[in-house]
Amino acid sequence: MTETINSESTKNIDLVYTESFWTGRRQLRYGEIELTRKSNKKFVGETDGGEVEFSVHGNRFKGIYVESATLQGPVCVVRKLTVLEYILAVLVLVPALIFGAVGGAVGGVIACVNLYVMPKIETLWLKITVALEFTAVSGFTAFWIAYAFGTLFW
């Protein structure tokens, strides 16, 4: 996931935040300066005025914010998930849980994908449509996997 913020709070300079979906490793760049990582939450870069430290707070569920002395307050990189997004993510589990452990596994994977996709969708009707599509895919996938296991072991 790569997010680029260019606003008054970043002094109209690109703040590029990158986080790996698989490992959670974070990278940060401010303008042309590639910031080196001190820890998973602290980054340091060299500018004309000296060394600048950036700190990253939060996670994908609580929201991710970047703070530094050069920025005008904390900059929101990823916003906090809303209650509706959580409800739509759990909705995916309902039809899949009918099929036991197989359905729970399929529903859990699709719910994680749903939580990853939901914040990127802006309009409400599209969020609901995508959640309903994920729910249908979850139910049908769990049914066919459970059916395949049933025919193998019956």
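One can find the structure itself at the top, above this paragraph.
Right, let's walk through the structure included here. (Residues numbered from 1 in each chain as written. Predicted model: local features only at pLDDT ≥ 70, side-chain atom pairs only at ≥ 80, totals over all residues. Heavy atoms only, no water.)

## Thoughts on the overall build of the chain
On a plain count of helices and strands, the chain comes out with 4 helices and 9 strands. When the helices and strands of the chain are listed from N to C terminus, the series reads β-β-β-β-β-β-β-β-β-α-α-α-α. Its C-alpha radius of gyration of 20 Å places the chain more than 25% over the 15 Å reference for a compact globule of 154 residues. Counting only C-alpha atoms, the chain reaches 70 × 35 × 20 Å along its principal axes. For the chain, with 154 residues in total, the buried portion stands at 34%. Expressed as a percentage of contacts within the chain between residues at least 6 apart in sequence, the contacts between residues at least 24 apart total 37%. For the chain, the accessible surface area stands at approximately 9,400 Å², while carbon and sulfur atoms represent 65% of it. (Helix = DSSP H or I, 4+ residues; strand = E, 2+ residues; numbered from the N terminus. Rg over C-alpha atoms; globule rule 2.2 N^0.38 Å. Buried < 20%, exposed > 50% of the residue type's maximum accessible area, 1.4 Å probe, protein only. Contact = heavy atoms within 4.5 Å. Areas by Shrake-Rupley, 256 points an atom, 1.4 Å probe, with all protein chains shown as cover.)

## Some words on the pattern of salt bridges
Under the defined criterion, the tally for this structure stands at 4 salt bridges. Among the salt bridges present, the one from Glu53 reaches Lys38, with a minimum N-O distance of 3.3 Å. In this pair, Glu53 is assigned in strand β7 (residues 50-59) and Lys38 in the loop between β5 (36-37) and β6 (42-47), connecting sequence segments 15 residues apart. Residue classification places Glu53 among the partly exposed positions, given a relative accessible area of 38%. Note that Arg79 and Glu85 form a salt bridge whose closest N and O atoms lie 2.7 Å from each other. Salt bridges sharing partners connect three or more residues here, namely Lys38, Lys42 and Glu53. (Salt bridge = Lys/Arg side-chain N within 4 Å of Asp/Glu carboxyl O.)

## With respect to the pairing of strand β8 (residues 63-68)
In this sheet, β8 lies alongside β7 in antiparallel orientation, the contact comprising 6 bridges. Bridge pairing links His57 to Tyr65 in β8. Counting the residues between successive antiparallel strands, the hairpin from β7 to β8 contains 3 residues. As defined by bridge partners, β8 adjoins strand β9 (residues 75-78) across 3 bridges and the pair is classed as antiparallel. (Pairing = 2+ DSSP bridges.)

## A look at helix α1 (residues 83-91)
For α1, the set of buried residues is Glu85, Leu88 and Ala89. Viewed along the axis of α1, the buried residues span an arc of 100°, placing them on a single side of the element. What points out from α1, more than 90 degrees from its buried face, is the exposed set Val83 and Ile87. (Arc of directions from axis to C-beta.)

## Here's the deal with the packing of α1 against helix α3 (residues 100-117)
Two elements in contact, α1 and α3, have axes separated by 8 Å at closest approach and are oriented at 155°. The orientation of α1 with respect to α3, classified from their angle, is roughly antiparallel. Viewed along their axes, α1 and α3 form a crossing whose handedness is right-handed. Facing Glu85, Tyr86, Leu88 and Ala89 of α1, the residues of α3 in contact are Ala111, Asn114 and Leu115. Considering only residue class, the contact of α1 with α3 consists of 5 nonpolar, 1 polar and 1 charged. (Axes fitted to C-alpha atoms, helices over the stretch in contact; angles between N-to-C directions. Parallel < 35°, antiparallel > 145°, perpendicular 65-115°, else oblique. Left-handed = near helix turned anticlockwise from the far one by under 90°. Nonpolar A, V, L, I, M, F, W, Y, C, P; charged D, E, K, R; others polar.)

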